[in-house]
Amino acid sequence: METNTSYDPSFAREVFENVDSGEEIKMCMQCGMCAASCPLREHMDYPPRQIFSMIRAGKRDMVLNANSIMMCTSCYTCQVRCPRGIPVIDVMHGLAHYAISKGILTRKDTAVFGREFWQQIYKTGRIDEKDLSRRYFFADGIITGIKKSLQMARMGIIMLLHGRMKILPEKKIKGIKSLRSMLDKAMQTGKGGSEV
Amino acid sequence: MAEVEATNQTLLVVGGGMSGITAALEAAEAGYDVILIEKNPYLGGRVTQLYQYFPKLCPPNCGLEINFRRMKLNPRIRFFTLAEVEKISGEEGNYNVTVKLNPRFITEKCTCCGKCSDVCDTEIDNPFNFGMDKIKAVYLPHEFAFPMRYVMDPSIVGTDEAKKCKDACKYDAIDLDMKATTFDLNVGAIVWACGWTPYDASKIEYYGFGRYKNVITNMMMERLASPNGPTAGKILRPSDGKEVKNVAFIQCAGSRDQNYLPYCSGVCCLASMKQSTYLRDQYPDCNITIFFIDIRALDRLEDFYTKVKEDEKVTFIKSKIASITEDEATGDLLLEGENTNTGERIQMTFDMVVLATGMVPNSLDLESAPSVSKDEYGFMTLDPNNTGIYGAGCVKRPTDVASSVQDATGAALRAIQSVTRR
Ligand SMILES: Cc1cc2nc3c(=O)[nH]c(=O)nc-3n(C[C@H](O)[C@H](O)[C@H](O)COP(=O)(O)OP(=O)(O)OC[C@H]3O[C@@H](n4cnc5c(N)ncnc54)[C@H](O)[C@@H]3O)c2cc1C
Ligand code: SF4
Ligand code: SF4
């Protein structure tokens, strides 16, 4: 872990002002509950508590390049257990967005998936599994695309058989316009972050 | 119950713990008539269940004995056990209070010979020891009980068992026809000193209290260490009665947590450190680990912290433990968390875990009573618009005995002012 040799508020200020839910970390008392509750803790370079402490210590590059901010799967365990009621997930997602907006792509896969997911929802109001996977798999070029598709072929067939994936393209939902205006509104209330 | 004489110059103190006893004594010794109402069959409150007091590590009974003596010597205090307030009406200088007196089934004639208990076969969970052992259904609440008198559990009244007990009493001290009664009091001011209740640890699901036998609370630890406790003072783990070698304390178990008890109770850090000395006295080789967020040991109590920290068998680790899992075969407990000093993951196994749970105030909360002001956590506050009813001790703030006693003395003075203003 990065030990906090000094307190440097400059990055904290940047986070409070620019990151969605960034101000929430003011309430963090560094208890470690979130770190210990996270099912992905072993894969994270810095669990949430350490991220929040590093923000206060001004470790800008380390925070924005941390793999953990993009690894959160929204399982909500830390969030329901945080004794200070901090929406840990929202902060982690806020930081991920902010990092992407600064051109930092520590986990490019996750970023691409998120972007494609969002765009589909915005376009049709639902997820077209085959289209989403195609865009996600082929984001890095045709060769990796084919490789990844073959790896997941079995899963695709099972999904087809169970009707979880359709052969024809998904249709737009009814009232897509209202959904979009909701999403637009949600975008406006945020502090910005990445443009999708 | 005959009429109990009282006037608007009389003070009523509700709750016979350290705070209530202090308020009653201070007012009585200042020359005021006081009536003290206690819900338990004995006076003394929670401290009767403690083995030793921090930081001096002396027995609470000694201070209690002094207070009971002061009470016996002072004719201005009248007290009632097994009594509860049902109704309060009126205003400062003139309250009308209805008190309910629950039947004890044992009269003043009781000499504590214990014959009734000897013949009684029915056993109940012992409330004094948090159900860790059983007690006869006619019993002495504890060996230093004041008043020193047996009590019969209502569950056997009306059975042959109760008759058997009655017949065994040579002094005719058992009255099975005793009924709950109520009486009304006219008093000028009220001190509410009903103290606190331990936070219900079973609410903290990830610690498994109630499911894992070797996860106990700090109050249970006090009973385990007490010579008059369920194990005669030997600290043994509940699942198999084995001696302990490796014990963990989890601080802020539920405390300072929005999901459970949002405030700091201020005494549980000291209580755990105190209990680490109980363990060290009995088991020189026992390893003790105290998991904490921060240690709260205010002003002079910091010295006690320094002293315990010097003990090489006691380790302090900065971490809020996130989960406990029991090994069903051995009853051992796996604790997981993050060491927030090193960032390392904690996975440690212990024989027994003590949850340092906090204090929940028993504030005045009767439907048929004036409403009093409370803070966001339910502790009573001084209400400028509603003088005449004053909180004292742990109903106002979770705190130790010394501060409770100070606060109760202040409350007694306010109550006196309320009656002299009239
Ligand atoms: C684990 C632990 C260890 C502790 N160890 C120490 C220590 O070593 N040293 C120290 O100084 N402090 C210690 N404390 C704190 C100490 O217990 C309190 O300061 C003390 O009990 C406060 O006294 P009180 O009279 O305000 O409340 P209580 O002791 O709770 O007394 C309240 C009384 O009111 C009665 N009552 C409740 N409701 C009613 C009602 N409706 N009608 C009538 N009567 C009622 C109760 O039966 C009780 O007798 C410890 C606390 C904990 C949790
Ligand atoms: S659980 Fe909450 S208070 Fe504790 S370290 Fe994590 S964010 Fe901070
Ligand atoms: S006294 Fe210690 S254990 Fe108790 S709530 Fe406060 S910090 Fe937590």
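Scoring rules and cut-offs
- Along each chain, numbering runs from 1 in the same order as the chain's sequence is written.
- For naming, the first written chain is A and the first written ligand is 1, with later ones following in the order written.
- Side-chain atom pairs in this predicted model are given and counted only at pLDDT of 80 or more, local residue features only at pLDDT of at least 70, and totals for whole chains, interfaces and linings cover all residues.
- Heavy atoms throughout the structure, all of them, feed into the side-chain values; hydrogens and water do not.
- Only DSSP runs of H or I covering at least 4 residues are called helices, and only runs of E covering at least 2 are called strands; the numbering of each starts at the N terminus.
- The reference for a compact globule is 2.2 Å times residues^0.38; the radius of gyration itself is calculated from the C-alpha atoms.
- Contacts between residues were defined by any pair of non-hydrogen atoms, one from each residue, lying within 4.5 Å.
- When charges are counted, Lys and Arg contribute as positive and Asp and Glu as negative, whereas His and the chain ends are disregarded.
- Taken as the charge location is NZ of Lys, CZ of Arg, CG of Asp or CD of Glu.
- Domain delimitation in this document rests on an assignment produced automatically or drawn from a domain database.
- Here the term patch refers to residues with relative accessible area over 30% and no salt bridge, with like charges joined within 9 Å and nonpolar side chains (Val, Leu, Ile, Met, Phe, Trp, Tyr) within 5 Å.
- Each accessible area is a Shrake-Rupley estimate made with a 1.4 Å probe; only the visible protein chains count as cover when residues are assessed.
- The term salt bridge refers to a pairing of a side-chain nitrogen on Lys or Arg with a carboxyl oxygen on Asp or Glu at a separation within 4 Å.
- Exposed residues in this analysis have more than 50% of their type's maximum accessible area, buried residues have under 20%, and partly exposed residues fall in between, with area computed by a 1.4 Å probe over protein chains only.
- We call a residue near a given molecule or strand whenever any one of its heavy atoms falls within 4 Å of it.
- For the purposes of these results, a polar contact is taken to be a pair of N or O atoms within 3.5 Å, where, inside protein, one atom must be able to donate a hydrogen and its partner to accept one; residues adjacent in sequence count only when each atom of the pair is a side-chain atom.
- Pairing between two strands is assigned when DSSP locates at least 2 bridges connecting them.
- Crossovers are described as right-handed under a simple rule: with the strands pointing away from the observer, the path leading from the first strand over the helix to the second runs clockwise.
- By definition, the buried area sums, over both parts, the 1.4 Å-probe accessible area that each loses when the two are put together.
- Classification used: nonpolar for Ala, Val, Leu, Ile, Met, Phe, Trp, Tyr, Cys and Pro, charged for Asp, Glu, Lys and Arg, polar for all others including Gly.
- Only the stretch in contact is used when fitting a helix axis, every axis being a line fitted to C-alpha atoms; angles between N-to-C directions are given from 0 to 180 degrees.

1. A short note on the overall build of chain B
Here is step 1: The helix and strand tally for chain B stands at 8 helices and 22 strands.
Here is step 2: Taken over C-alpha atoms, the radius of gyration comes to 23 Å for chain B, in line with the 22 Å a tight globule of 422 residues would show.
Here is step 3: In terms of overall dimensions, chain B has a C-alpha envelope of 65 × 55 × 35 Å along the principal axes.
Here is step 4: Long-range pairs, those at least 24 residues apart, make up 68% of the contacts in chain B between residues at least 6 apart in sequence.
Here is step 5: Charge-centre separation for chain B: the mean point of 46 positive side chains lies 3 Å from the mean point of 56 negative side chains.

2. Observations regarding the domain arrangement of chain A
Here is step 1: In terms of domains, chain A is made up of domain 1 (9-101) and domain 2 (108-187).
Here is step 2: On a C-alpha basis, the centres of domain 1 of chain A and domain 2 of chain A stand 28 Å from each other.

3. Points about a nonpolar patch on the surface
Here is step 1: A grouping of Phe138, Ile142, Ile143, Ile146 and Leu150 of chain A is seen on the molecular surface, where their side chains present a nonpolar patch of about 530 Å² in accessible area.
Here is step 2: The class of Ile142 of chain A is exposed, set by a relative accessible area of 59%.

4. Details of the site of ligand 1
Residues and elements named next belong to chain B.
Here is step 1: Neighbouring ligand 1 are 36 residues; Ser19, Glu38, Phe54, Lys274 and Thr399 lie closest to it.
Here is step 2: Within the backbone of Arg46, a nitrogen or oxygen atom sits 2.9 Å from an oxygen atom of ligand 1.
Here is step 3: In the model, an oxygen atom of ligand 1 is placed 3.0 Å from a nitrogen or oxygen of the Trp196 side chain.
Here is step 4: In isolation ligand 1 exposes 1000 Å². Once the protein is present, 95% of that is buried.
Here is step 5: Listed by contribution, the elements that provide at least two residues to the shell around ligand 1 are helix H1 (18-29), helix H5 (218-225), helix H6 (268-282) and helix H8 (401-420).
Here is step 6: Among the elements that line the shell around ligand 1, the one with the most residues is H5, at 3 residues.

5. A look at the pairing of strand S1 (residues 11-14) of chain B
When a strand is regular, its side chains alternate between the sheet's two faces.
Residue and element names in this part refer to chain B.
Here is step 1: What you see with S1 is no split at all: Leu11 and Val13 on one side and Leu12 and Val14 on the other are buried throughout.
Here is step 2: Across 4 bridges, S1 lies against strand S11 (residues 189-192) in parallel orientation. If you follow Leu11 over to S11, its bridge partner there is Ala189.
Here is step 3: The pairing of S1 with strand S2 (residues 34-37) spans 4 bridges and is classified as parallel. Note that in S2 the partner of Leu12 across the bridge is Ile35.
Here is step 4: What joins S1 to S2 is H1, and the crossover it makes is right-handed.

6. A closer look at the interface of chain B and chain A
Interfaces are often sized by the accessible area lost when the parts come together.
Here is step 1: Taken residue by residue, the interface counts 19 residues in chain B and 20 residues in chain A.
Here is step 2: Taking both sides of the interface into account, the surface hidden between chain B and chain A amounts to around 1500 Å²; carbon and sulfur atoms contribute 51%.
Here is step 3: Looking at the side of chain B facing chain A, the largest losses of area belong to Lys320, Glu338 and Arg345 of chain B, adding up to 31% of the total buried there.
Here is step 4: In this structure, the connection of chain B to chain A is made through 3 salt bridges.
Here is step 5: Between Arg345 of chain B and Glu42 of chain A there is a salt bridge, with the nearest N and O atoms lying 2.7 Å from each other.
Here is step 6: Put simply, chain B and chain A have 8 residue pairs in polar contact (both at pLDDT 80 or more) between them.
Here is step 7: Among the elements that make up the side of chain B that touches chain A, the one with the highest residue count is strand S18 (residues 333-338) of chain B (3 residues).
Here is step 8: Its residues assigned to classes, the side of chain B that touches chain A comprises 4 nonpolar, 9 polar and 6 charged.

7. With respect to the side chain of Arg149 of chain B
Here is step 1: Relative to the assigned elements, Arg149 of chain B resides in the loop between strand S8 (138-139) and strand S9 (151-152).
Here is step 2: Discounting chain neighbours no more than four positions away, the residues touching Arg149 of chain B are Arg104, Ile106, Thr107, Glu108, Cys110, Cys112, Leu140 and Pro141 of chain B.

8. Observations regarding the sheet that holds strand S14 (residues 246-250) of chain B
All names here are of chain B.
Here is step 1: On the basis of which strands lie adjacent, the open sheet formed by 5 strands has the order S13-S20-S14-S15-S16 and parallel pairing. Of all strands in the sheet, those bounded by a partner on one side alone are strand S13 (215-217) and strand S16 (314-318). Strand-to-strand twist in this sheet, taken as the mean axis angle between neighbours without regard to direction, amounts to 25°.
Here is step 2: Pairing between S13 and strand S20 (residues 352-355): 3 bridges, direction parallel. Looking at S20, one finds that Ile216 is bridged to Val354.

9. Some thoughts on the domain arrangement of chain B
Residues and elements named next belong to chain B.
Here is step 1: Domain parsing of chain B yields domain 1 (11-102 + 180-195 + 362-420), domain 2 (115-168) and domain 3 (200-358).
Here is step 2: On the side of domain 2, 10 residues touch domain 1, which itself brings 12 residues to the contact.
Here is step 3: Overall, the association of domain 1 and domain 2 removes approximately 1000 Å² of surface from exposure, summing both partners, and the carbon and sulfur fraction of that is 72%.
Here is step 4: By the criterion of area lost to domain 2, the three top residues of domain 1 are Pro41, Tyr42 and Gln49, representing 41% of everything that side buries.
Here is step 5: Taken together, the links from domain 1 to domain 2 amount to 0 salt bridges.
Here is step 6: Inspection of the domain 1/domain 2 interface yields 2 residue pairs in polar contact (both at pLDDT 80 or more).
Here is step 7: The dominant element in the side of domain 1 that touches domain 2, judged by the number of residues it contributes, is helix H2 (residues 60-73), at 3 residues.
Here is step 8: Of the residues belonging to the side of domain 1 that touches domain 2, the class tally is 6 nonpolar, 4 polar and 2 charged.

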